[in-house]
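Structural features, examined
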There are 2 protein chains.
Amino acid sequence: MTDRRRLRLGAVLVGTGGPGSHGAWKDPEIPGDASVDVRWYVEQARAAERARFDHVFIVDSQFITPDSPPHYLNRLEPLTLLSALAVATERIGLIGTLSTSYDEPFSVARRFASLDLISGGRAGWNVVTSGDEGTAGLFGRDQHLDYGQRYGRALEHVRLVQRLWDSYEDDAFPRDRERGVFLDPTRLHAVDHVGEHFRVHGPLNIQRSPQGQPVIFQAGDSDQGRDLGGAIGEGIFTHQGSIEAGRAFRDDLRARAVAHGRDPETVLVVPGISVVVGDTDEDARAIEAEIGRQDADFDRSLAQLGRPFGWYDFSQHDLDAPFPELGPLGDRSFKTNADAIKRLAREQGLTLRQVVETISAPKRSPFVGSAETVARIFTEWLDGGAVDGFNIHIRTPSQFARFADEVVPILQETGVFRREYEATTLRGNLGLPIPENRHAVARRAALAA
Amino acid sequence: MTDRRRLRLGAVLVGTGGPGSHGAWKDPEIPGDASVDVRWYVEQARAAERARFDHVFIVDSQFITPDSPPHYLNRLEPLTLLSALAVATERIGLIGTLSTSYDEPFSVARRFASLDLISGGRAGWNVVTSGDEGTAGLFGRDQHLDYGQRYGRALEHVRLVQRLWDSYEDDAFPRDRERGVFLDPTRLHAVDHVGEHFRVHGPLNIQRSPQGQPVIFQAGDSDQGRDLGGAIGEGIFTHQGSIEAGRAFRDDLRARAVAHGRDPETVLVVPGISVVVGDTDEDARAIEAEIGRQDADFDRSLAQLGRPFGWYDFSQHDLDAPFPELGPLGDRSFKTNADAIKRLAREQGLTLRQVVETISAPKRSPFVGSAETVARIFTEWLDGGAVDGFNIHIRTPSQFARFADEVVPILQETGVFRREYEATTLRGNLGLPIPENRHAVARRAALAA
């Protein structure tokens, strides 16, 4: 069982809505340009900070088509956005999504290290691989990396970034004016790496932050994705539909972490969930149903269905014929998602129209109800060993205010959630250890030997 | 002659000092960790904004050795830094240096577009190519790009970034809740580019800012560097020692711009200069001399001498023998600088020691004196057609305060410099036009034909 005081809460900030959300921008509470308005994000981050959330969480993607949901079409780049939020907040963690598929380890290391210093040790990196095949074209590649390549590359990338983050030991800068010593050169360590996917020679030109290194979040539910999480993830972003599924997933992730020689307590499973709070459970379900109606859009859902299959154009098929045979389509792209759709169509013998309707049908989130209900369900998932916390997606500011004003106090009262921040860093608040600089560890080991 | 009201002023923010500055960190006014402390930058940027400066300017480099100057060893990444400054300021422009040698056009376009929106249209990109040969190793390349490659790549890179910035026309997002129209897909334009250095297929996923596109600054004094400036530079960062040299340089840049079919009024020459203000001219020269003594460091200067030659190790040579014959060394690196050093040694018949002493000798800046003197010299350079403004490097906050409190009022009184910002965008304040979206221009042309 996990520590009951330590429910972790993150706020997923999506200006005009998440992946399936074609209608959020029509809500009068959400400005149509929320996804590109830093003031909108500052307001949401400050509200989450007042509610003592551990972090805000910025998802990302790069390739778009005209059918992409509004938030995808037009959004701020996560690192520049988070840096702005860093100086507009004081305690809340700042987690940004960045793909390992096309950016260089040196650049990624440098940008996150800079965010980490700017925020006083509150940065986190949500490591993803690029699922959209079209992304290859944005970066001048002929073909998208296949699944195995992407995950091998991701692991090598993250480990390299972490080595670069340790370029300076924590006592590297004596800055001794009397003796005229700014740097102790014995505490500067160049990376010298030749691997399967990357070569890097040289040190990073920035010191470590008060939390040592940014926290590594990781998302990806496939076998390779889970293994990457077990190897390097300190926070795991996932989606699970029930306590049982959540517990099985969490147990699996913790076991994989142990197999990688890690302490399972340093792997926090924090699923992304939708929350709706109402006066009663019925009221909340009615709000959820209204959101479902706002988001419904058959034509866009048909276009979106192509995404996990490399933006395959389903409109060429008869809507009322059986779901088409797609062969290996999707294997290079969002494979877990593509496989699930193929299986659904096959097992239930659905037409294309039925698949679109099933996929785009309003979801019933387990986390919908009165404040008491939501707090109770949160606690059941936590006590049931299914989660270490939640990354919460709440549609509107007024809904977020209900969560903060009604649900959070219950969680605080019952001892599940903090009343005040424990620390100034993201690691400190999440209860994750500060990784000691590897070169300092090595020197101590050499001295002891 | 240039518009006398339009002296442009930029503040070059270097926490613990510029390239040759080994001693700034010892100054009691400058915190030893200024280069990694966002609060330090916020203070300096706000002081520059109070003085109605056009912009702050962040220089950059990536490769370091233990002998690099303090500011190089440990610094914030420019884009994350500027994004933090964007929400801590209101009117001042935010110009960041980023090399075209190793970052992908899509990433560069996205990050600057994001900064431009976050700041409400105050972003500028100082385009450079990477001179340090060691940079290649940071990005897994065997060999540094040679000089011609670097500049060909830079031109193609910038033009691609500018095309990506025009992915959305300004009326692309009707966000019409009644009709349910978020995007007008006819106003979204994918780039489809196959060039010598880059291929990009797809649109950028972010709209234009109130200034249309970030302002392009460019630095590079060689023939290729100047031609790049003539082709794409709207602000030119340079170093010129006299009004005559400045006027020749500015005339040359403007002529190159005309040769590229551009209006020369859209190319602003804004040299980087050191300024010292004293009670009298003698007092100011004494302060400058003290700075020179603070910075003097023969051993580090010897190591630094290697930088333009690809970090060649001069310590292997006899200090009192004639300056060594270096052949083509430096051609791939900081070529203009390397050639100048070779020429200096050859023409004056200097030993290695004498070259180091000459290079590292305290500079006498033309912009040192009483407030009246500095204001007069500024005005002479402006009226003499040598500059459109200055990027000012001032060593300490108290020196900056003297400039702001004593020199700026004289420049305002004589009508050379603004009393209030003219606009909310960097383009508006610099007097540069807002580039119309190319696709809107093309459609209008097609309709008129």
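Identification of chain A as FMN-dependent oxidoreductase, nitrilotriacetate monooxygenase family from Agrococcus jejuensis is taken from an unreviewed UniProt entry.

Concerning the interface of chain B and chain A
Listed as interface residues are 64 residues of chain B and, on the opposing side, 64 residues of chain A. Each partner contributes to the roughly 5700 Å² buried at the junction of chain B and chain A, and carbon and sulfur atoms together form 58% of this total. Taken together, chain B and chain A are joined by four salt bridges. When the shortest N-O distance is used, the salt bridge between Arg 141 of chain B and Glu 104 of chain A registers 3.7 Å. Taken together, the links from chain B to chain A amount to 32 residue pairs in polar contact (both at pLDDT 80 or more). A breakdown of the residues in the side of chain B that touches chain A according to their chemical character gives 33 nonpolar, 15 polar and 16 charged.

Things to note about the sheet that holds strand E1 (residues 8-12) of chain A
Residues and elements named next belong to chain A. Strands sit in the order E9-E8-E7-E4-E3-E2-E1-E13-E10 across an open sheet of nine strands; the sheet is parallel. Of all the strands in the sheet, just strand E9 (268-269) and strand E10 (272-274) have a single pairing partner and so form its edges. Of the strands in this sheet, strand E3 (93-99) and strand E4 (123-128) are in contact with helix H4 (residues 105-118), which crosses E4 at around 150°.

Some thoughts on the sheet that holds strand E10 (residues 272-274) of chain B
All names here are of chain B. Spatially, E9-E8-E7-E4-E3-E2-E1-E13-E10 is the arrangement adopted by the nine strands of the open sheet, whose pairing is parallel. In this open sheet, the two strands that pair with only one neighbour each are strand E9 (268-269) and E10. Bridge count for strand E3 (residues 93-99) against strand E4 (residues 123-128) is six bridges, and the pairing is parallel. Along E4, the bridge assignment pairs Ser 99 with Val 128. Packing against the sheet, helix H4 (residues 105-118) makes contact with E3 and E4, and its axis sits at approximately 150° to E4.

As for the UniProt feature "binding site: FMN" (unreviewed entry) in chain A
All names here are of chain A. Per the UniProt entry, the sites bearing "binding site: FMN" (unreviewed entry) are Asp 60, Thr 97, Tyr 151 and Ser 222 in this numbering. Assignment of secondary structure puts Thr 97 in strand E3. Residues contacting Thr 97, with those up to four places away along its chain left out, are Phe 57, Ile 58, Val 59, Asp 60, Pro 78, Asn 126 and Val 128. A distance of 2.7 Å separates the side chain of Thr 97 from the backbone oxygen of Ile 58, its partner in a polar contact. For Tyr 151, the location among the structural elements is in helix H6 (residues 147-165). Looking at Tyr 151, the relative accessible area reads 9%, which means it is buried. Residues within four places of Tyr 151 in sequence aside, it is in contact with Thr 129, Gln 218, Ala 219, Gly 220, Ser 222, Gln 224, Gly 225 and Leu 228.

Conventions we followed
- Residues numbered from 1 in each chain as written.
- Chains lettered and ligands numbered in written order.
- Predicted model: local features only at pLDDT ≥ 70, side-chain atom pairs only at ≥ 80, totals over all residues.
- Heavy atoms only, no water.
- Contact = heavy atoms within 4.5 Å.
- Buried area = accessible area lost by both parts, 1.4 Å probe.
- Salt bridge = Lys/Arg side-chain N within 4 Å of Asp/Glu carboxyl O.
- Polar contact = N/O pair within 3.5 Å; in protein donor to acceptor, adjacent residues only side chain to side chain.
- Nonpolar A, V, L, I, M, F, W, Y, C, P; charged D, E, K, R; others polar.
- Pairing = 2+ DSSP bridges.
- Helix = DSSP H or I, 4+ residues; strand = E, 2+ residues; numbered from the N terminus.
- Axes fitted to C-alpha atoms, helices over the stretch in contact; angles between N-to-C directions.
- UniProt positions renumbered as here; feature names shortened; annotations may be inferred.
- Buried < 20%, exposed > 50% of the residue type's maximum accessible area, 1.4 Å probe, protein only.

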